[in-house]
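Listed below are the residues making up each chain.
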Amino acid sequence: MSAQLIDGKQIASEVKQDVAEKVKALKEKGVIPCLAVILVGENPASVSYVTGKRKALAESGMKDRSEVLPESTSEEELLHLIAQLNEDKTVHGILVQLPLPKHINEEKVINAISPEKDVDGFHPVNVGRLMIGSKGFLPCTPHGICVMLKKMHVKTDGANVAIIGRSNIVGKPLAMLLTRREYNATVTLCHTGTKNLSEITRNADIVIAATGHLHTVTAGMIKPGACVIDVGVNRVPDASKKSGFRLVGDTDFDDLKEIAGMITPVPGGVGPMTIAMLIYNTLESAENTLQGLK
């Protein structure tokens, strides 16, 4: 019996539809939610991600203040642009697409964005808010995974969760989120130093792979009926595709779908949720602005 596929596209569509309705209501009150996505250079993957984000902005009725800058843009010029957008009260969210060219310090750029406009949830202030459970922007991919689990009625209360990968973008913040009382999971955060990884994953009710490496999770590593969330996006050569490659995740999907209870496909799983939650955060920022106007 094959696993139930978790349709990230469908769930993301529902989130975006809800956001679009709330955008309409905000516009009637004189506030137009606005996001500025800044792209420096022409990294093909980054261009693709930014295109997806801008499309979601248009679909939700938000204002798009995106900036595409040449690879030669200096760190000073980028920081100046961020400072301008921080001061602009009509801009509610600022996102700098990573990675940046090597001559620009990513940490300095992330820290320059106002925490109140940091809709990516990467600023140390928002990371701290996540850690202590106070209100702040949640990072989009971890938040999207949590929304996905809720929508699919995956039981997290008391569940054993194995997260493979300790990145600041997915693994660490996701571990923090899932241990909140609303999810109440017991989380094991695995990484390159983890011993007996298969033993840990076989004991998990939910396995989340976020390593950026092919076949991190194989069929022998999960128990029957487990929920598998695949965050990875890897390109593998495929002559049958026009692009010359196809996208696959971090799990051995074809084998796992015969054992798992639920599983996310790649593409069409976690990816669409990340963009949906970015739009959600931008809406939240615009709503905060309205609160401030009262």
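Note that the structure is a prediction, hence the values are computed from the model and not measured.

Participant: Please explain the sheet that holds strand 7 (residues 186–190) as it appears in this structure.
Facilitator: Sheet strands pair by backbone hydrogen bonding; their relative direction is either parallel or antiparallel. What the six strands build is an open sheet, ordered 1-12-9-8-6-7; its pairing is parallel. Strands at the two margins of the open sheet, each flanked by one partner only, are strand 1 (4–5) and strand 7. Pairing geometry for strand 8 (residues 206–209) and strand 9 (residues 227–230), over four bridges, is parallel. When the bridges of strand 9 are listed, Ile208 appears paired with Ile229. In this fold helix 7 (residues 171–178) packs onto strand 6 (160–164), strand 7 and strand 8, with an angle of close to 170° to the strand it touches most, strand 6.

Participant: Help me understand the nonpolar core in this model?
Facilitator: One recurring pattern in soluble globular proteins: nonpolar side chains tend to sit buried together. Counting 55 residues, the largest nonpolar core has Leu178, Ile208 and Ile229 as the members making the most contacts within it. The element contributing the most residues to this core is helix 10 (residues 270–293), with 10 residues. Dropping the residues within four chain positions of it, Ile229 is found in contact with Ile6, Ile145, Met148, Leu149, Val207, Ile208, Ala209, Thr264 and Val270. Residues Cys34, Ile38, Ile94 and Val109 belong to the second largest nonpolar core, which totals 16 residues.

Participant: Please explain the state of the cysteines as it appears in this structure.
Facilitator: Among covalent bonds in proteins, the disulfide is the one between the sulfur atoms of two cysteines. In this structure the tally under the stated criterion is zero disulfides. The cysteine Cys140 is free of any disulfide, with Cys146 supplying the nearest cysteine sulfur at 12 Å. A relative accessible area of 4% means that Cys140 is categorised as buried. There is no disulfide at Cys227, and the cysteine sulfur nearest it, in Cys146, is 11 Å away.

Participant: How should I be thinking about the pattern of salt bridges in this particular structure?
Facilitator: Where side chains of opposite charge bring their charged atoms close, a pairing between them can arise. Throughout the structure, instances matching the rule amount to 14 salt bridges. The closest approach of N and O atoms between Arg54 and Asp64, which form a salt bridge, is 2.7 Å. Of the two residues, Arg54 sits in helix 2 (residues 44–60) while Asp64 sits in strand 3 (residues 63–64), which places them 10 residues apart along the sequence. Taking relative accessible area as the criterion, Asp64 reaches 29% and is therefore assigned partly exposed. Between Glu75 and Lys108 there is a salt bridge, with the nearest N and O atoms lying 3.0 Å from each other. In this pair, Glu75 is assigned in helix 3 (residues 75–87) and Lys108 in helix 4 (residues 106–112), connecting sequence segments 33 residues apart. On the basis of relative accessibility, which here comes to 18%, the residue Glu75 falls in the buried class. By sharing partners, the salt bridges in this structure join Lys16, Lys55 and Glu59 into a single network.

Calculation notes
- Residues numbered from 1 in each chain as written.
- Predicted model: local features only at pLDDT ≥ 70, side-chain atom pairs only at ≥ 80, totals over all residues.
- Heavy atoms only, no water.
- Pairing = 2+ DSSP bridges.
- Helix = DSSP H or I, 4+ residues; strand = E, 2+ residues; numbered from the N terminus.
- Contact = heavy atoms within 4.5 Å.
- Axes fitted to C-alpha atoms, helices over the stretch in contact; angles between N-to-C directions.
- Core = buried A, V, L, I, M, F, W, Y, C linked by side-chain atoms within 4.5 Å.
- Buried < 20%, exposed > 50% of the residue type's maximum accessible area, 1.4 Å probe, protein only.
- Disulfide = S-S within 2.5 Å.
- Salt bridge = Lys/Arg side-chain N within 4 Å of Asp/Glu carboxyl O.

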